[in-house]
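# Structural characterization, general
Residues per chain, in single letters:
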Amino acid sequence: MYCAGRRASLFRATRFLPLALLISFAGAATLLAEDSPRTHQKFDNDWRFHLGDIDGASQLEFDDSPWRTIRLPHDWSVEQPFSQDHASGTGYLPGGVGWYRKTFNAPSEWQDREVAIHFDGVYRDSEVWINGQSLGTRPYGYAPFSYRLTPHLKLGEENVIAVKVTRNEVADSRWYPGSGIYRHVSITVTDPTHVDHWGTFVTTPRVTQNRADVLVSNEVTNRRGKDVELRVSTTLVDPSGEPLSEQSSTTTIAGKSNETLAHWHRVDQPQRWSVDTPQLYTAITRIYAGEELIDEVRTRFGIRTFNFHPEQGFYLNGEPMLIKGLCMHHDAGVVGAAVPDKVLEYRLQLAKSLGANAIRCSHNPMADELYSLCDEIGLLVMDEAFDEWELGKRKWVKGRNVGQAKRFGYNKDFEEWAERDIEAMVRRGRNHPSIILWSIGNEIDYPGDPYVHPEFFDPGAPPIDEGSPRTTRLAIVAPRLIAAVKRHDATRPVTMALSNVPASNDIGLANMLDVAGYNYQEQYYQQDHVDFPGRVIYGSENGRSPRSWQAVVENDFISSIYLWVGFDFLGEANEWPNHGSQAGVFDTRGFLKPGSYWLKAAWSEEPMVRCFVSEPPSEGRRRRWMRLSDTPRSWNAEPDASVPLMIVTNCEEVQLKLNGEELDPEMNRFGNFLRTTVDFAPGALQVVGLNNDQEVASDTLRTVGDAARIELHTDAEFLDGSLQGGSPDVALVEIRVVDADGNVVSDADAEVRVEVHGSGRLLGVDNGDQNDTTPLKSPAKTTRDGRLLAIVEHTRGQEPVRVTATADGLAPVELTLSVEQ
């Protein structure tokens, strides 16, 4: 429930269930019982792929046997080499045309059943055929969509789905979007009378400590040619799996029509969803024709309240909360846009461990699995629809913010598709308790790109002339998008991430929003708070300096910060050879950057301390908290050298020990940072964090020798080396170059080659270096800070997966990953 401008009641959370008890398969928002009359299954295996256009590939009889067999999700661009011939904005990677085909048998049991195929995302300009019959097109690469297959299936015979993906213009985005069917595909088989896809909507109109009102609405479609008498029931199940209540009603639905039915439930002593206790309930909808169960849908939801207050910030379940958010693009290093579910979970867990409690989807709807994982992990979500509306933004071709740019992009399809695309985002996501905001656009008001306003204009943009598009147009378009959101979900606020607040104020755009997001506009917080009483203002995109966080901490009316950006990403590149942004809190491997540890100190409730060798301070030089990555992670220096240290901590005090002996150097503290110097002696330098004179955290730098061997690890934080048999799964393996004592040699630059044998394959080796133009899918990469991350996918079979790593002059290593039944 979204309560505008008022506080919700207090609640004491009860308990937290393990992740495994909350989900039957990864990323599923709608769960099915084993005996459900509805079947829903992934449709990812055994596709054939061809890069390049080819005549006749949509037809049933086309011979695709020479094509490559792949498993979805698939991104063909990351399989190609980097090239200066491509666009910097999209990471110097190619596009093109790709064809996909899948042959499958439609069993005779599908007679008199409804069959639909669902695509969670295809980038871009897709067209889908079944047995040579075109089902439709979808331009927007981030929109989920479905097609009805029933009229075109050949029961008891082989059928062919063909998909053409066209991305000939690579300068089509301001970041790397990927190419192909880069998200999951699924098939649903139902009775002709069934709950529509995304047809269940669960709301909680009232939630108190003692009770919750739950309304379950179901859109029921009857595709039969005659009237059908039905009984529709909904049952609520609590987080432990116990049924709570059941409500039912009867109705007659005319042939070829639909009807919406709603049931009210009361839940006593509700277990509220929160970021600390993400409790999930299930609503089970069943449809009966007489005594026969003909459809069943299980929808997870959370019971919670939240509100944004114009003076006091954000409240979740009646408790004040500072939203500590990270913006996230959808790619993940060497896998590009085709991100395995476990990699996505790994990244979200890293964000949570940092102390973040929110994610902003930048700047498009994400994979369906992200929202389910945020529900389970306990992360708030700002979901975002578009980066541009009617007119295109600059997409850089050579470098960033310089030189040549193009404006081809979603703008060409906006007029026809925008409302359908935003409705798809909302209908798919509206049952996720993690989602708290619907954003209709990112920086659409950006000064001079392309809209202009005379009172606030980018001096670097071309001069304003009579033909320049005015920001006033945004005030005409925005109400359409707001209305499209509200038609399908009136329980959450609508927002935008504004980058030209003075202009958006002048034209009334900011006042149209339920809450107003300010991108890098902290300088307007105070004045706008006075000029626009009642406006909810929050930081929707912010820089990573401690100063940005202080703007939240020091102003009660500012509820949030969304840091740019959570993880380094492909695209938005500078000049060659740079092919991706390095603005991340984490690098593409998911390794926290040294300059980001201040965030962990400021955000996390867990005591922490981290020590770095740093450059000595000098007058006139800005603080180097952002540039600690320049220094090796070791305790090495010339004999008796005075070594400057930077310590990052959230502890009350710190204590230094060199080879076990306590030191007492002079320390200068500023917030979460301490500076000091220590005379070098080889061995181990330990820094201990103290609260109430008790040791609560520690960190150690060691003198490191020459690189001696390679180690493979699956036991680091949130890495998972297990592989599940019978389903696609991946393992994350950290590769370390170490000395004879097992210390990571952080300045090693060894080229390590990785091979995978058994029932697995290598998806990629990532060194986190956005300037390394080695092909992303190369099995050999040069270490950065002495480490690499390998992503290994289980294919088929139960044979153990063997991972080997070799490098010249270093002892090789092999790791065996078991495949669990």
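Because the structure is predicted, anything quoted here is derived from the model rather than measured.

## Quick notes on the overall build of the protein chain
Each helix and strand counted, the protein chain has nine helices and 51 strands in total. Each principal axis of the C-alpha distribution contributes one length, and for the protein chain these read about 90 × 65 × 65 Å. Expressed as a percentage of its 821 residues, the buried residues of the protein chain come to 61%. A distance of 3 Å separates the average location of the 83 positive side-chain charges in the protein chain from that of its 117 negative side-chain charges.

## Some remarks on helix α4 (residues 472-488)
Helix geometry: α4 is bent most strongly at A478, by close to 25°, with proline P479 lying one to four residues after it. Of all the residues in α4, the buried ones are L474, A475, V477, A478, L481, I482, A484, V485 and H488. At its buried positions, α4 is contacted by β12 (193-207), α3 (411-429), β27 (435-442), β28 (494-498) and α6 (509-512).

## Thoughts on α3
Compared with the 27 Å implied by 1.5 Å per residue over 19 residues, the 24 Å span of α3 between its first and last C-alpha is markedly short. At W417, α3 shows its largest kink, close to 80°. Among the 19 residues that make up α3, 14 are buried, leaving the element largely enclosed by the rest of the structure.

## Some details on the sheet that holds strand β21 (residues 319-321)
The strand order β19-β20-β21 describes an open sheet built from three strands, whose pairing is antiparallel. Looking at strand neighbours, the two that pair on one side only are β19 (306-309) and β21, the edges of this open sheet. Each neighbouring strand pair of the sheet contributes to a mean axis angle of 35°, computed without reference to strand direction. As paired elements, strand β20 (residues 313-316) and β21 share three bridges and run antiparallel to each other.

## Looking at the confidence of the model for the protein chain
When pLDDT drops low, the exact placement of atoms in the prediction is not to be read closely. Predicted confidence across the protein chain gives a mean pLDDT of 92, with 93% of residues reaching 70 or more. Predicted confidence for residues 1-30 stays below pLDDT 50, and this span has 91 contacts to residues more than four positions away or in other chains.

## A word on the environment of A358
With respect to the element layout, A358 can be found in strand β23 (residues 358-361). Excluding anything up to four places from it in sequence, A358 contacts I323, K324, G325, L326, L379, L380 and Y562.

## Some points on the nonpolar core
One finds L326, L348, F386, W389 and I440 to be the most contacted residues of the largest nonpolar core, which totals 125 residues. Counting residues per element, this core draws most heavily on α4, which supplies eight residues. In this structure, L348 is in contact with M328, I359, L370, L373, C374, I377 and L379, ignoring residues within four places of it in sequence. Formed by 28 residues, the second largest nonpolar core is a distinct cluster that contains L72, Y100, F119 and I130.

## Some details on the pairing of strand β3 (residues 47-51)
Note that β3 and strand β4 (residues 68-70) share three bridges and pair antiparallel. Among the inter-strand pairings, F49 is bridged to a residue of β4, identified as R68. Inspection of the sheet shows β3 paired to strand β5 (residues 96-105) by four bridges, in the antiparallel sense. Of the residues in β5, the one forming a bridge with H50 is W99.

## What to know about the packing of helix α1 (residues 341-354) against helix α2 (residues 368-377)
With their axes 10 Å apart at the nearest point, α1 and α2 run at an angle of 40° to one another. By the angle between their directions, the pair α1 and α2 is classed as oblique. Taken as a pair, α1 and α2 cross one another with a handedness that is right-handed. Along the contact surface, α1 presents D341, L344, E345, L348, Q349 and K352, while α2 presents E369, L370, L373, C374 and I377.

## A few points about the side chain of S634
Relative to the assigned elements, S634 resides in the loop between β34 (609-613) and β35 (642-649). At 3.4 Å, the side chain of S634 and the side chain of N636 are in polar contact. Residues within four places of S634 in sequence aside, it is in contact with V613, L701, R702, V704 and S746.

## Quick look at the packing of aromatic side chains
Under the defined criterion, the tally for this structure stands at 30 aromatic pairs. Summarising the aromatic geometry, the rings of W564 and F569 are spaced 5.8 Å apart at their centres and angled 75° between planes, so their arrangement reads as edge-to-face. Of the two residues, W564 and F569, neither departs from the other in class, the shared state being buried. Of the aromatic side chains, those joined through ring pairs into one cluster are Y123, Y140, Y142, F386, W389, Y410 and F414. Over the aromatic face of W417 sits the side chain of R420, whose NZ or CZ is 3.8 Å from the ring centroid.

## Topic: the pattern of salt bridges
The final tally for this structure, using the stated rule, is 55 salt bridges. Of the charged contacts, one joins D295 and R38 as a salt bridge, the two residues approaching to 2.9 Å between their closest N and O atoms. Within this pair, whereas D295 is found in strand β18 (residues 292-301), its partner R38 is found in the loop between β1 (30-31) and β2 (39-42), the two being separated by 257 residues in sequence. Given the relative accessible area of 0%, D295 is considered buried.

## Some remarks on the packing of α3 against α4
Viewed as axis vectors pointing N to C, α3 and α4 meet at an angle of 35°, and their least axial separation amounts to 9 Å. With respect to the hand of their crossing, α3 and α4 are arranged in right-handed fashion. Of the residues in α4, those in contact with F414, E415, A418, E419, I422, E423, V426 and R427 of α3 are V477, R480, L481, A484, V485, R487 and H488.

## Things to note about the sheet that holds β12
Across the sheet, three strands lie side by side as β12-β13-β16; this open sheet has antiparallel pairing. The two strands at the open ends of the sheet, each matched to only one other strand, are β12 and β16 (257-268). Averaged over neighbouring strand pairs, the angle between their axes works out to 20° when direction is ignored. Sheet topology note: the strand β13 (residues 211-222)/β16 ladder contains 12 bridges and is antiparallel. Bridging across to β16, V216 finds its partner in H263. This element, α3, spans β12 and β13 of the sheet and lies at about 70° to β12.

## Observations regarding unusual backbone geometry
Of the consecutive residues Y123 and R124, the connecting peptide bond is found in the cis state with omega at -15°. A cis amide bond, omega -10°, links S362 with the succeeding residue H363. As for its position among the elements, H363 is in the loop between β23 and α2. Even without glycine at this site, Y520 takes up a positive phi of about 55°.

## Regarding the side chain of H263
Along the polypeptide, H263 turns up in strand β16. Polar side-chain contacts of H263 include one of 2.9 Å to the side chain of S249. Setting aside residues up to four positions removed in sequence, H263 forms contacts with V214, L215, V216, V232, S233, T234, Q247, S248 and S249.

## Regarding the environment of P270
Within the secondary structure, P270 is located in the loop between β16 and β17 (281-289). What makes P270 buried here is its relative accessible area of 1%.

## Focus on the environment of D276
Relative to the helices and strands, D276 is located in the loop between β16 and β17. A C-alpha to C-alpha distance of 32 Å links D276 and V185, two positions 91 residues apart in sequence.

About the thresholds
Residues numbered from 1 in each chain as written. Predicted model: local features only at pLDDT ≥ 70, side-chain atom pairs only at ≥ 80, totals over all residues. Heavy atoms only, no water. Helix = DSSP H or I, 4+ residues; strand = E, 2+ residues; numbered from the N terminus. Buried < 20%, exposed > 50% of the residue type's maximum accessible area, 1.4 Å probe, protein only. Lys, Arg positive; Asp, Glu negative; His and termini not counted. Charge placed at Lys NZ, Arg CZ, Asp CG, Glu CD. Bend = angle between axes of the 7 residues up to and from the residue. Contact = heavy atoms within 4.5 Å. Expected span 1.5 Å × (residues − 1). Pairing = 2+ DSSP bridges. Axes fitted to C-alpha atoms, helices over the stretch in contact; angles between N-to-C directions. pLDDT = per-residue confidence, 0-100. Core = buried A, V, L, I, M, F, W, Y, C linked by side-chain atoms within 4.5 Å. Parallel < 35°, antiparallel > 145°, perpendicular 65-115°, else oblique. Left-handed = near helix turned anticlockwise from the far one by under 90°. Polar contact = N/O pair within 3.5 Å; in protein donor to acceptor, adjacent residues only side chain to side chain. Phe/Tyr/Trp six-rings, centres within 6.5 Å; stacked < 30°, edge-to-face > 60°. Lys NZ or Arg CZ within 6 Å of the ring centre and 35° of its normal. Salt bridge = Lys/Arg side-chain N within 4 Å of Asp/Glu carboxyl O.

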